[in-house]
Protein chains: 2
Amino acid sequence: MGGDLGPRATVWGTAEALLVHPELEACLYGPLDMLEAELARLPRRLHGVGSRLLPSHAPRIIPQDMKPSSALRAARDSSLALMLEDVASGRAAAGVSAGNTGALMALSRRALGTVAGIPRPAISTAIPTQGGGRCYMLDMGANIEASAQRLVEFALMGSVMARQVDGLARPRVALLNVGVEATKGTASVRQADARLRDMPEINYIGFVEGDGVFNGSADVVVCDGFVGNIVLKASEGLARMLVERVQATFDAHWGSRLVSWLARPALHRVKRRLDPVRYNGASLLGLAGIVIKSHGRADAQGFACAVSRAVQEVRMNLPEHLERELGQRSAIASIACGRRDSGFPTRSQSQDFNPER
Amino acid sequence: MGGDLGPRATVWGTAEALLVHPELEACLYGPLDMLEAELARLPRRLHGVGSRLLPSHAPRIIPQDMKPSSALRAARDSSLALMLEDVASGRAAAGVSAGNTGALMALSRRALGTVAGIPRPAISTAIPTQGGGRCYMLDMGANIEASAQRLVEFALMGSVMARQVDGLARPRVALLNVGVEATKGTASVRQADARLRDMPEINYIGFVEGDGVFNGSADVVVCDGFVGNIVLKASEGLARMLVERVQATFDAHWGSRLVSWLARPALHRVKRRLDPVRYNGASLLGLAGIVIKSHGRADAQGFACAVSRAVQEVRMNLPEHLERELGQRSAIASIACGRRDSGFPTRSQSQDFNPER
């Protein structure tokens, strides 16, 4: 039910994803009449997947502007809550939503719990980089402030994801900072830098500055959610402005209408690429289950990408890898410190994760 | 002597600026042989301004990677220090440098002091926005962490600058945050938000998210230097990536070489606009004198823009306005709080500022 474009983008986008993944079935959550109305309007080319789209009645919708605390108190028959219930019970292998991010995060934590005692998941999204690669950036806004320990956890989670989901042997992990020297930045990034240098399980490459997000020098870029969210949204804003300017430059300076007309399809492709974030789902990383947030502005094609992201994470069994690698780390940290409240959470704190589910 | 492109960009750029501003004379600081070598190579069209370019021998150069603390301890005969000495003595009306930002900031503070007891200047630069406008963003990296009070000072300084230098009647001032609701963000942005709402002298419009930097909704966007620096550098990185992709899209998809050839001049123009930050000088705002930092990557044209920025600030007598408006505010705050250490610095703390200079 979420997203700025309403349920059509979600329903049609899910159908698009089913076309790509013949092994997939998808449950749709929302008021039955709304779901059936959208299903009845599916374009002809998507009719073939209709039998794998399973509408599931949810009488309520969590509004876009509802606070997470209110969402937690709200009745449990919203489309978001019922979807997460099915992920928690194992009826669904993963959940995808374009709705209220704060509510999705809060309800996901309650329904699924986290792995390896992670107190709060991070939001991670793949950013396209120069040279055609991509870079996972996290956190994108779930953790407004992040201690050194949280930053280290983000680095670990990002590294596991890039290794397991993308198959990189030694993903290059960097901390976002205002300079590359060890003396630069806030206390938490400096402390996290020192800790990461001592962790052989991470291919830590040190600090990167803002351009390191896009220039292809790192596979994982770690920051707190305040910085990550602002960088992400500033990038979207800049991309929109640049598209406007490219268009204006062409319109203003090319006498020939023919050339402007010829340029249109290329500009259209560029426009899509300029706003790449909209076309990738964001992972709620650290949950004991797979939940993908699709961009609120995503169209059907964008939502289909988010569903595909969920499929990838299910195939690679990402939460199980996170639990194993972060849990191990917790155990080592506990032994090294000789006490249970070592700063790193211990495996026993994450009882609600069951990899067999 | 500073800048990635060496003294040529600085010397030629200064000459370009003299061409635009016939009332201007410029002192150049550096090893005399290097200055004279560049002056001898000035392109013919710049020969006319040669008599207004005054080389001033400075035997030392502050290296790009020298720490601010080392720069402060270094001998006082560097090009940076001698330039600032001339600004402090009034021989020069403003200083412009493409060199080491940290050293420039530290030496400027020592040589010039600050207005109205501002503990440390902020770096501000004009960002081009959608619709052809611009937005001052500050701080861009001088203050890694900023209390609510510092953010309020940045808002005041940005507002005074947009009003006095750009002639905006009521510049719209916003705080950068991860959401627009009062409950969002870190403690310091929330406290600054509450204070700014009580200040009738500022046209405060509340929080903006990252896209607010580029979408034209604010004339001044305030943030701490950690976020500002990362957003600025991420934007530069994104712009570079997008130029690469626009070019690649044209090259890959357009069969016709003719069209690609026709597109070249337009793309070149876009390229310049895509990297706008490089073409604006950054103001060290809050100094009791005018100092402009030109982007390290600026070419001669970019350096000329930074010189023009300095000319504008001199014309509008920016430090005097800052001293008057912030000093007034300090006085009010002192009375309101009934003590001198009211949190807001008092006017008497800034003895080293002399508006008559």
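Residues numbered from 1 in each chain as written. Chains lettered and ligands numbered in written order. Predicted model: local features only at pLDDT ≥ 70, side-chain atom pairs only at ≥ 80, totals over all residues. Heavy atoms only, no water.

- In the nomenclature of an unreviewed UniProt entry, chain A is known as Phosphate acyltransferase of Modicisalibacter muralis.
- For the record of chain A, the UniProt heading Function (unreviewed entry) holds the text "Catalyzes the reversible formation of acyl-phosphate (acyl-PO(4)) from acyl-[acyl-carrier-protein] (acyl-ACP). This enzyme utilizes acyl-ACP as fatty acyl donor, but not acyl-CoA." (UniProt positions renumbered as here; feature names shortened; annotations may be inferred.)

1. Describing the overall build of chain A
Move 1: Within chain A one finds 11 helices and 10 strands.
Move 2: Out of the 357 residues belonging to chain A, those deemed buried represent 58%.
Move 3: Accessible surface for chain A amounts to roughly 14600 Å². Of this, 52% is attributable to carbon and sulfur atoms. (Helix = DSSP H or I, 4+ residues; strand = E, 2+ residues; numbered from the N terminus. Buried < 20%, exposed > 50% of the residue type's maximum accessible area, 1.4 Å probe, protein only. Areas by Shrake-Rupley, 256 points an atom, 1.4 Å probe, with all protein chains shown as cover.)

2. Here's the deal with the interface of chain A and chain B
Move 1: With 51 residues of chain A in contact, the opposing surface of chain B contributes 51 residues.
Move 2: The largest contributions to the chain A side of the interface with chain B come from Val178(A), Phe226(A) and Arg245(A), which together make up 12% of the buried area.
Move 3: Run the count over chain A and chain B and you get 4 salt bridges.
Move 4: The closest approach of N and O atoms between Glu209(A) and Lys233(B), which form a salt bridge, is 2.3 Å.
Move 5: Counting across the chain A and chain B interface gives 6 residue pairs in polar contact (both at pLDDT 80 or more).
Move 6: For the side of chain A that touches chain B, the elements supplying multiple residues, two or more each, are α8 (225-253) and α9 (257-274) of chain A.
Move 7: By residue number, the principal contributor to the side of chain A that touches chain B is α8(A), which donates 21 residues.
Move 8: Tallied by class, residues from the side of chain A that touches chain B come to 24 nonpolar, 16 polar and 11 charged. (Contact = heavy atoms within 4.5 Å. Buried area = accessible area lost by both parts, 1.4 Å probe. Salt bridge = Lys/Arg side-chain N within 4 Å of Asp/Glu carboxyl O. Polar contact = N/O pair within 3.5 Å; in protein donor to acceptor, adjacent residues only side chain to side chain. Nonpolar A, V, L, I, M, F, W, Y, C, P; charged D, E, K, R; others polar.)

3. Points about the side chain of Gln164(A)
All names here are of chain A.
Move 1: As for its placement among the helices and strands, Gln164 is situated in helix α6 (residues 148-164).
Move 2: Here His321 takes part through its side chain, which lies 3.4 Å from a polar atom of the side chain of Gln164.
Move 3: Residues within four places of Gln164 in sequence aside, it is in contact with Met316, Leu318, His321 and Glu325.

4. Details of helix α10 (residues 300-316) of chain B
Residues and elements named next belong to chain B.
Move 1: For α10, built from 17 residues, the straight-helix expectation of 24 Å at 1.5 Å per residue is met to within 8% by its first-to-last C-alpha distance of 25 Å.
Move 2: Looking only at α10, the buried set comprises Ala300, Gly302, Phe303, Ala304, Ala306, Val307, Arg309, Ala310, Val311 and Glu313.
Move 3: With a side-chain oxygen lying 3.2 Å from the backbone nitrogen of Gln301, the N-terminal cap of α10 falls on Asp299.
Move 4: Asn317 occupies a position one or two residues after α10 and carries a positive phi of about 55°. (Expected span 1.5 Å × (residues − 1).)

5. Overview of the relation of the copies chain A and chain B
A rotation about an axis combined with a shift along that same axis relates the two copies of the chain.
Move 1: At an RMSD of 0.0 Å, chain A and chain B line up after a rotation of 180° and a shift of 0.0 Å along the axis. Read as a symmetry element, the transformation amounts to a two-fold axis.
Move 2: Interface overlap between copies: 100% of the residues of chain A at the interface are likewise at the interface in chain B, consistent with a symmetric, same-surface contact. (Least-squares fit on C-alpha atoms with pLDDT ≥ 70 in both.)

6. Describing the pattern of salt bridges
Residues and elements named next belong to chain A.
Move 1: Under the criterion given, the structure shown has 32 salt bridges over all chains.
Move 2: The shortest N-O distance in the salt bridge between Glu38 and Arg41 comes to 3.5 Å.
Move 3: By relative accessible area, which is 8% here, Glu38 ends up buried.
Move 4: With a closest N to O distance of 3.4 Å, Glu181 and Lys184 form a salt bridge.
Move 5: One salt-bridge network, in which partners are shared between bridges, spans Arg8, Glu38 and Arg41.

7. A few points about helix α5 (residues 101-112) of chain B
Residue and element names in this part refer to chain B.
Move 1: Its 12 residues give α5 an end-to-end C-alpha distance of 16 Å, which sits within 8% of 16 Å, the value for a rise of 1.5 Å per residue.
Move 2: Tucked inside the fold, the buried residues of α5 contact α3 (68-73), α4 (79-89), β3 (95-97), β4 (122-128), β9 (282-285) and β10 (291-293).
Move 3: For α5, the side-chain oxygen to backbone nitrogen distance between the N-cap and Gly102 is 3.1 Å, and the N-cap itself is Asn100.

8. Looking at the confidence of the model for chain A
Move 1: Residues of chain A with pLDDT of at least 70 account for 86%, and the chain-wide mean is 87.
Move 2: Every residue in residues 337-357 of chain A is under pLDDT 50, and counting partners more than four places away or in other chains gives 48 contacts. (pLDDT = per-residue confidence, 0-100.)

9. Some details on the sheet that holds β4(B)
Residues and elements named next belong to chain B.
Move 1: Ordered by their spatial adjacency, 8 strands build an open sheet running β3-β10-β9-β4-β5-β8-β6-β7, and the pairing between neighbours is mixed. Since the sheet does not close on itself, it has two edges, and those belong to β3 and β7 (203-208), each with one partner. Strand-to-strand twist of the sheet, defined as the mean angle between neighbouring strand axes without regard to direction, takes the value 25°.
Move 2: Pairing analysis gives 5 bridges linking strand β6 (residues 172-176) to β7, with the strands arranged parallel. Along β7, the bridge assignment pairs Val173 with Tyr204.
Move 3: Contacting β4, β5 (134-138), β6, β8 (220-222) and β9, helix α6 (residues 148-164) runs over the sheet at an angle of about 165° to β8.
Move 4: Contacts from helix α7 (residues 187-197) reach β6 and β7 within the one sheet, and its direction differs from that of β7 by about 155°. (Pairing = 2+ DSSP bridges. Axes fitted to C-alpha atoms, helices over the stretch in contact; angles between N-to-C directions.)

10. Observations concerning unusual backbone geometry
All names here are of chain A.
Move 1: Cis peptide bonds are those with omega within 30 degrees of zero, and the linkage from Leu138 to Asp139 qualifies with 5°.
Move 2: Position of Asp139 relative to the elements: it lies in the loop between β5 (134-138) and α6.
Move 3: In this structure, Asn317 takes a positive phi of about 55° despite not being glycine.
Move 4: The residue Asn317 is located in the loop between α10 (300-315) and α11 (318-337) in this model.

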